[in-house]
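Descriptive analysis of the structure
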Amino acid sequence: MGFFFEVLIGGLLSGVLYALVALGFVLIYKASGVFNFAQGAMVFFAALTFVGFKELLPGWTGLEESSVVVFWLAFALALASMVVLGILTEKVVLRPLVNQPHITLFMATIGLTFLVEGIAQAIWGANVRGLDLGITDEPIEWILDSADMIVSKFDVFAAALAGILVASLALFFQYTKVGRALRAVADDHQAALSIGIPLQHIWAIVWAVAGFVALVAGLIWGARSGVQFALTFTALKALPVLILGGFTSVPGAIVGGLIIGASEKLAEVYIGPMVGGGIEGWFPYMLALFFLLVRPEGLFGEKHIDRV
Amino acid sequence: MLYREAGQFKATYQEDQQIFPIRQDRVGMAVILAFFFAAVPLIASEYWLQAILIPVLIFSLAAIGLNILTGYAGQLSLGSAAFMAVGAFGAYNFMLRIDGMPFLLAVVLGGLCAAVVGVAFGLPSLRIKGFYLAVATLAAQFFIVWALVKFSWFSNYSSSGVISAQEVNILGFAFDTPILKYLLTLAIVAVLALLAKNLVRSATGRRWMAVRDMDVAAEVIGIRPMRAKLSAFAVSSFYCGVAGALYAYTYLGTVEPEGFNLDLSFKILFMIIIGGVGSMLGSFLGAAFIVLLPIFLNVSMHTMFGDSLPAGLGSNLELIVFGGLIIFFLIVEPHGLARLWALAKDKLRLWPFPH
C-alpha cells in the first residue's frame, strides 16, 4: 500500500506542474477566447531567456553567477521579455485577427509557436542547459524514515510554488481593479466594452500574465529536466488537463492537473506492464476523453446552452 | 470578357447542376488535367516528380479528407496523420498477408480500415464540440501511433515499426519509375477529388454543412447528427487513409509510425487553413503552398547567405520565417488562397471592361 501512495503522491505533485502550464491556457482562453497553442513555446522561451540572462549577467555586472542578485535580475529581465512578447503578440498577431473564427486564431498561435521557438533558439542557441534553483531532487528524509515512501523535495517545493502562484493570481483577480476588469471581460466582452473597459488593454495584460505563468512553469520544468526544446511539449501535457478541467476554469486546471497527474502515474505503474508500457503519451487523453463523454464541458467548464 | 457566362443558356436541370456550369471552367479544367497528365511527365525532372509533385498530390488528398471533416462538417480534428498511418499500415498488411492482392484494392481496403478507426474516434463528436473535440482527437493521434509501434504485428515484426512498401504492380504492370508513380498518384487523386467534389454537392454534403453551421438547428429540421457526423468522420478518414497508403507506396517507400506524428497533422491543418476551409481548390493550393514553402525558404536562404550561415541559425531562421508567413497569410487573407481565386474570378467576369 505504501508503494501505491508513493506513486499517487508523486503523480499528484507532477500534476501540479501540468496544472501550471494549463493555467496559462485558461487565462488567455477565458479573456480572449483564443486557444493559445503557443503556451508551450512560451514556457520554453521564458526558461531559455532566464538561463541566458543568468549566464550573461555575471559578465555585465561582475557578480557571481550563484548570487541572489543575479537570480532576481535574470528573473526580472526574463519577466520583462515575456511581458514584451505578450504585448507584441496581442498587438501584432491577434489584434488584426479580431472577430475571425476560433480555428483561424488557433492556427495563428501555431504559427506563433514556430516563430517563438525559432527566435528563442536563434538568440540563445539550441544547447541543453541546466538550471539550478537550489533545491535538489532527492527524497525527504523524515517521510522516507517514518512511512518508507519516496517523496521528492523538489516536487514538494514546486507544488508549493505553484500553490502560491495560483493563490496570488486568485487574489489579483478578486481584489484589484485590473483583476475585476479581467473577470468582466471574461464574462462578456461586449458588456465589458460598453461600460468602458478597454478590451485590448486587458488582452495585453492577460498575455503578460500568461507570460509570467509561463516563466514560473519554465523555471520549474527547466530545473527538473534541463532547459531544452522538449519544454515546448509541456503544452501537450497540459491539453488533457485543460479539457478535463474545462477551458474556462482556473480551479478546473488545478483539479484536472491533479487528476491527470495521479492517474497517469498510477496507470503507468499498474496498467502499463499489461500492454507493454509507454502509455503516458496517450493515457491522459483517453482518460479525459471518457470523462468528456459524461461531462462534455469538463469538470468546471461553463455549461453551453444552444439556442436555435 | 473572356470569362463570362453570357450566351451559355441552360435548358435543363442537369445542365444547371453540373460541376463546372461555365464553359470556360470546363475548358480550363481540361487544360489543367491535360497539362498534369501529359505535359508534366515530359518536362519535369526526377527531383520535381519525387520531391515536389508526388507529395503535393498526396497531401492534397489528405487535405481534402480533413477539409471534408473540418471545412464541410465543422468538426475540428488534429488526428489526420494518425488516420494516414492507419491507411498506410492497413494497405501494407493486406498486401503482405493476402497472396495476389491487387494494389488498388489494398489501397482502398487500407482507406476503409482508416474509415473504421475514424468512426470509432469520431464517436466523441456526438457529445463534445469545438476545441474539446480537437483535443480529444489528439487521443487518436497519440494512441494510434503508439499502438502501431507497440504491436509489431502491424509492421510484420520489423524493428521500431519501420515498413518497406512492396512493389506497386497493377495487372502485371510495374509502377517503378518516378514518372509512373506520379501518374498513378495523379490518377487516384483526380478520381477521388472528383468524387469528393460531387459528394459535398450532394444531399450528404448539404447535411454536413447544415451540421457545421449549427448542429442543433440541423437536428430540428430532421438531419440526424449522428449519421451526418460519423459519415463525415468515415469519409474524411478514408481519404486520409488512402493518402497515407500512397504516402508509403508512391512517395517514401519506407515509413515508420513515428513519421505520422502530430507535426504532420498540423501540417495538413495548415494546408486547409492557408488554402481555404471548405474548398476543394483550397486543399490543392494549401498543399502546394505548405510543401513548397520550406523548399523555397531553404533554397533562398542558401542563395542569399551561401554556406556562411551556421547550420543551426539557418534552420531557426526557417522556423521564424515559416511561422511569420503563416501569421501573415492568416492576417492578410483569413479565408485562404481559394478566396483569392474566387475574388479573381469575380474581377475576371468584368475584365477588361469594368463598367
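Quick caveat, the model's predicted, so the values are computed rather than measured. (Residues numbered from 1 in each chain as written. Chains lettered and ligands numbered in written order. Predicted model: local features only at pLDDT ≥ 70, side-chain atom pairs only at ≥ 80, totals over all residues.)

For the rest of this paragraph, the subject is the overall build of chain A. In terms of regular secondary structure, chain A is built from 13 helices and zero strands. Counted from the first residue to the last, chain A has its helices and strands arranged as α-α-α-α-α-α-α-α-α-α-α-α-α. In terms of overall dimensions, chain A is globule-like: its C-alpha atoms have a radius of gyration of 20 Å, near the 19 Å expected for 308 residues. Look at the contacts in chain A between residues 6 or more apart in sequence, and 74% of them connect residues 24 or more apart. (Helix = DSSP H or I, 4+ residues; strand = E, 2+ residues; numbered from the N terminus. Rg over C-alpha atoms; globule rule 2.2 N^0.38 Å. Contact = placed C-beta atoms within 7 Å.)

Next up on the list: the overall build of chain B. Regarding its fold elements, chain B presents 14 helices and four strands. Here chain B has a C-alpha radius of gyration of 21 Å; the compact-globule value for 355 residues is 20 Å, and the two agree. Summarising its shape, the C-alpha atoms of chain B cover approximately 65 × 60 × 45 Å along the three principal directions. Sorting the 355 residues of chain B into buried and exposed places 46% on the buried side. Considering only contacts in chain B between residues 6 or more positions apart, those separated by 24 or more positions represent 76%. (Buried ≥ 20, exposed ≤ 12 C-beta atoms within 10 Å, placed from the backbone.)

Before going further, it helps to spend a moment on the environment of Thr104(A). Along the chain, Thr104(A) falls in helix α4 (residues 102-124). Leave out the neighbours within four places in its chain, and Thr104(A) touches Leu97(A), Ile273(B), Leu330(B) and Pro334(B).

Another aspect to go through is the interface of chain B and chain A. Taken together, the contact pairs 37 residues of chain B with 39 residues of chain A. Put simply, the parts of the chain that give the side of chain B that touches chain A at least two residues each are α6 (130-150), α9 (215-220), α11 (262-275) and α13 (311-332) of chain B. Tallied by class, residues from the side of chain B that touches chain A come to 30 nonpolar, five polar and two charged. (Nonpolar A, V, L, I, M, F, W, Y, C, P; charged D, E, K, R; others polar.)

What follows concerns the confidence of the model for chain A. Residues of chain A with pLDDT of at least 70 account for 96%, and the chain-wide mean is 84. Within chain A, no element has a lower average pLDDT than helix α5 (residues 141-147) of chain A, which sits at 69, and none a higher one than helix α3 (residues 68-94) of chain A, at 89. (pLDDT = per-residue confidence, 0-100.)

It is worth spelling out the packing of helix α10 (residues 234-245) of chain A against helix α11 (residues 250-270) of chain A at this point. Residue and element names in this part refer to chain A. Contact geometry of α10 with α11 gives a least axis separation of 8 Å together with a crossing angle of 120°. In terms of axis orientation, α10 runs oblique to α11. Crossing hand, α10 versus α11: right-handed. Facing α10, whose interface residues are Pro240, Val241, Leu242, Leu244 and Gly245, α11 presents Gly252, Ala253, Val255, Gly256, Gly257, Ile259 and Ile260. When the residues that make up the contact of α10 with α11 are grouped by side-chain class, the tally is eight nonpolar, four polar and no charged. (Axes fitted to C-alpha atoms, helices over the stretch in contact; angles between N-to-C directions. Parallel < 35°, antiparallel > 145°, perpendicular 65-115°, else oblique. Left-handed = near helix turned anticlockwise from the far one by under 90°.)

Spanning 12 residues, α10(A) covers 17 Å between terminal C-alpha atoms, matching the ideal 16 Å at 1.5 Å per step. Counting buried residues in α10(A) gives 11 out of 12 residues, a clear majority hidden from the surface. Among all positions of α10(A), only Thr234(A), Ala235(A), Lys237(A), Ala238(A), Leu239(A), Pro240(A), Val241(A), Leu242(A), Ile243(A), Leu244(A) and Gly245(A) are buried. Those residues of α10(A) hidden inside the fold are in contact with α1 (2-32), α2 (39-61), α9 (199-225), α11 and α13 (283-294) of chain A together with α6 of chain B. Taken from the residues just after α10(A), Gly246(A) is the one with a positive phi, measuring 100°. (Expected span 1.5 Å × (residues − 1).)

A few words on helix α4 (residues 80-97) of chain B. Between its terminal C-alpha atoms α4(B) stretches 26 Å, which fits the 26 Å expected from 18 residues at 1.5 Å a residue. Burial analysis of α4(B) places 16 of its 18 residues in the buried class, the great majority of the element.

Another point: the packing of helix α7 (residues 177-187) of chain A against α9(A). All names here are of chain A. At a minimum axis separation of 10 Å, α7 and α9 run at an interaxial angle of 105°. When the axis of α7 is compared with that of α9, the two are roughly perpendicular. Residue-level contacts link Val178, Ala181, Leu182 and Val185 of α7 to Leu199, Ile202, Ile205 and Val206 of α9. Looking at side-chain class alone, the contact of α7 with α9 contains eight nonpolar, no polar and no charged residues.

Residue and element names in this part refer to chain B. Despite not being glycine, asparagine 156 has its phi angle at roughly 55°, a positive value. Among the structural elements, asparagine 156 can be located in the loop between α6 and β1 (163-164). Asparagine 156 gets classed as partly exposed once you count the C-beta atoms within 10 Å, which come to 14. The phi dihedral of leucine 171 is positive, around 50°, even though this residue is not glycine.

Residues and elements named next belong to chain B. Checked against the element boundaries, serine 265 lands in helix α11. A tally of 25 C-beta atoms within 10 Å means that serine 265 is categorised as buried. Sequence separation between serine 265 and leucine 138 is 127 residues; the distance between their C-alpha atoms is 9.5 Å. Contacts of serine 265, omitting those with residues within four sequence positions, involve Leu78, Gly79, Ser80, Ala81 and Gln141.

Attention shifts here to the environment of Leu13(A). Residues and elements named next belong to chain A. As for its placement among the helices and strands, leucine 13 is situated in helix α1. Note on leucine 13: 23 C-beta atoms within 10 Å, which makes it buried. If near-sequence neighbours (up to four positions away) are discounted, leucine 13 is found in contact with Asp155, Val156, Ala158 and Ala159.

With that settled, the discussion passes to the confidence of the model for chain B. Confidence in the prediction for chain B averages 89 pLDDT; 98% of positions are at 70 or higher. Here the prediction assigns the complex a pTM of 0.89, and the interface score ipTM is 0.85.

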